[in-house]
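Commentary on secondary and tertiary structure
For reference, the chains in residue letters:
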Amino acid sequence: MSVTESSPAADEQPSPAADGQPNPTPAPTAPATAVPAPADAAPVDVPLANVPAADAPSVDEPADAPPAPRKARRVLAAVARWTAAVVVFAGAGAGTAAWITSLDRHEVPGLATEGDGRWEYPRLSLPALPEGSPRPFTDGNDGEVHHADARRLVLPAPAGAKVDPKADGAWVTTESFLSLYGEEDRAELRTALADSTLRHVAARAWSMSDGTRTTVHLLQFGSVAYAEAFKDEALDAGVAAAPGVLPRGVEAVVPEDYASVVDVPDTTLYAFREKKPYGPEQTRWAYLQTGDIVAVVSQVRAGEALAVPFQQTVTLQNQLLG
């Protein structure tokens, strides 16, 4: 598109005057839009190409016409739409982040992990003490006596367990404990219990859906010395290779180094598993001595007694006693 400039009047031929003299040439008339130059400055021509596009008048519209608002409205509408979208996505992102952080790992889609074999035990808490009685390993209790009811110190059964109603955190007879061992060892153990001022025995037994059978016995003696003597002399629990008395049906044993893993102050722990080859079932068991109590934890399962639930059970029972 070209811009046509009008020719100055000086290019036209002057007409002769009436008296035959030529008329003076009239001064050219400046365009209406031109800015008069100062009197002492020469006129300067500004090429159209050097005028910014925003200042150049539209060919189709008068120079002094107001700009059309339609384009501005479109820009503002687009900005408003994008702003609203950002706000919505920001709110959704914040809500999602809050939801994710409130979940456990196994509840987050894509982050769920396979179970490691642990059982789901209830939340544990120490039982109430008689008024004025200290915990076993605190100042003022030099005898390390458990003043709490021993039945309340037996580990509760995990979720999904089928509990033996005869041994559900109740007092049981010494024969219930002796049934863990073979006939050939019971008489000697019975005598040792009678000579060691045994006060009472509390127990809990349960079975799981995979066939694992668990028994927990707490034997409370008249003093720490009697409890330690029964563990070391009658059970021979501290023998490095194998204890002197083995559970019923067990012939060979492998010691387990749980003491470094199950680190509970003021407690003694010895753990064992039945050595291969064994019969249709495998046995794992542990002896815990904390103050005046000796705990015996046993798990038996067809094929193989699994290590994870056994170590978990031993750890929790140890923590309740310690």
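Structure: see above.
Structure report, in brief. (Residues numbered from 1 in each chain as written. Predicted model: local features only at pLDDT ≥ 70, side-chain atom pairs only at ≥ 80, totals over all residues. Heavy atoms only, no water.)

**Things to note about the overall build of the protein**
Counting its secondary structure elements, the protein contains 5 helices and 7 strands. Along the protein, from the amino end to the carboxyl end, the secondary structure elements read α-β-α-α-β-β-α-β-β-β-β-α. A burial count over the protein gives 31% of its 322 residues as buried. At a minimum sequence separation of 6, the contacts of the protein that also span at least 24 residues come to 59%. (Helix = DSSP H or I, 4+ residues; strand = E, 2+ residues; numbered from the N terminus. Buried < 20%, exposed > 50% of the residue type's maximum accessible area, 1.4 Å probe, protein only. Contact = heavy atoms within 4.5 Å.)

**Points about helix 5 (residues 307–321)**
Along its 15 residues, helix 5 runs 21 Å from first to last C-alpha, staying within 8% of the 21 Å computed at 1.5 Å per residue. When you tally the buried positions in helix 5, you get 11 out of 15 residues, the bulk of the element. Turning to helix 5, its buried residues number three or more, namely Pro 309, Phe 310, Gln 312, Thr 313, Val 314, Thr 315, Leu 316, Gln 317, Asn 318, Leu 320 and Leu 321. Buried residues along helix 5 sit against strand 3 (213–221), strand 5 (268–274), strand 6 (281–290) and strand 7 (293–302). (Expected span 1.5 Å × (residues − 1).)

**So, the packing of aromatic side chains**
Taken as a whole and judged by the stated rule, the model has 7 aromatic pairs. When the ring of Trp 119 is compared with that of Tyr 121, the centres are 6.4 Å apart and the planes differ by 45 degrees; the resulting orientation is tilted. According to the relative accessible area criterion, Trp 119 is buried, its value standing at 11%. Where Phe 272 meets Tyr 287, the ring centres are 6.4 Å apart and the plane angle is 65 degrees; that geometry is what we call edge-to-face. Note that Phe 272 is positioned in strand 5 and Tyr 287 in strand 6, a separation of 15 residues in sequence. You can call Phe 272 buried: its relative accessible area is 2%. (Phe/Tyr/Trp six-rings, centres within 6.5 Å; stacked < 30°, edge-to-face > 60°.)

**Section: the nonpolar core**
Note on soluble globular proteins: their nonpolar side chains tend to be buried together. Grouped together as the largest cluster of nonpolar side chains are 27 residues, with contacts concentrated most on Phe 177, Tyr 181, Leu 189, Phe 230 and Tyr 287. Contributing elements (two or more residues each) for this core: strand 1 (162–172), helix 2 (174–178), helix 3 (183–195), strand 2 (198–207), strand 3, helix 4 (224–234), strand 6 and strand 7. Once residues within four sequence positions are removed from consideration, Phe 177 is found in contact with Leu 193, His 217, Leu 219, Phe 230 and Val 296. (Core = buried A, V, L, I, M, F, W, Y, C linked by side-chain atoms within 4.5 Å.)

**Here's the deal with unusual backbone geometry**
Peptide bonds are mostly trans, and most non-glycine residues show a negative phi. Across the junction of Lys 276 and Pro 277, the peptide omega takes the value -5 degrees, indicating a cis bond. Phi at Thr 197 takes a positive value of approximately 50 degrees, unusual for a residue other than glycine. Accessibility expressed as a relative area gives 37% for Thr 197, which makes it partly exposed. In the Ramachandran plot, Asp 266 falls in the positive-phi region, its phi being about 65 degrees despite a non-glycine side chain. Tracing the backbone through its elements, the reader meets Asp 266 in the loop between strand 4 (253–256) and strand 5.

**Quick notes on the sheet that holds strand 4**
Picture the strands of a sheet paired through backbone hydrogen bonds; they go either parallel or antiparallel. Sheet architecture is open: 7 strands sit in the order 1-2-3-7-6-5-4, paired in antiparallel fashion. Across the chains shown, the open sheet's two edge strands, defined by having one partner strand only, are strand 1 and strand 4. Each strand axis lies, on average, 15 degrees off the axis of its neighbour in the sheet, ignoring direction. Looking at chain direction, strand 3 and strand 7 are connected through 8 bridges and run antiparallel. Within the sheet, the bridge partner assigned to Leu 219 lies in strand 7 and is Val 294. (Pairing = 2+ DSSP bridges. Axes fitted to C-alpha atoms, helices over the stretch in contact; angles between N-to-C directions.)

Any functional reading would require information beyond the geometric quantities listed.
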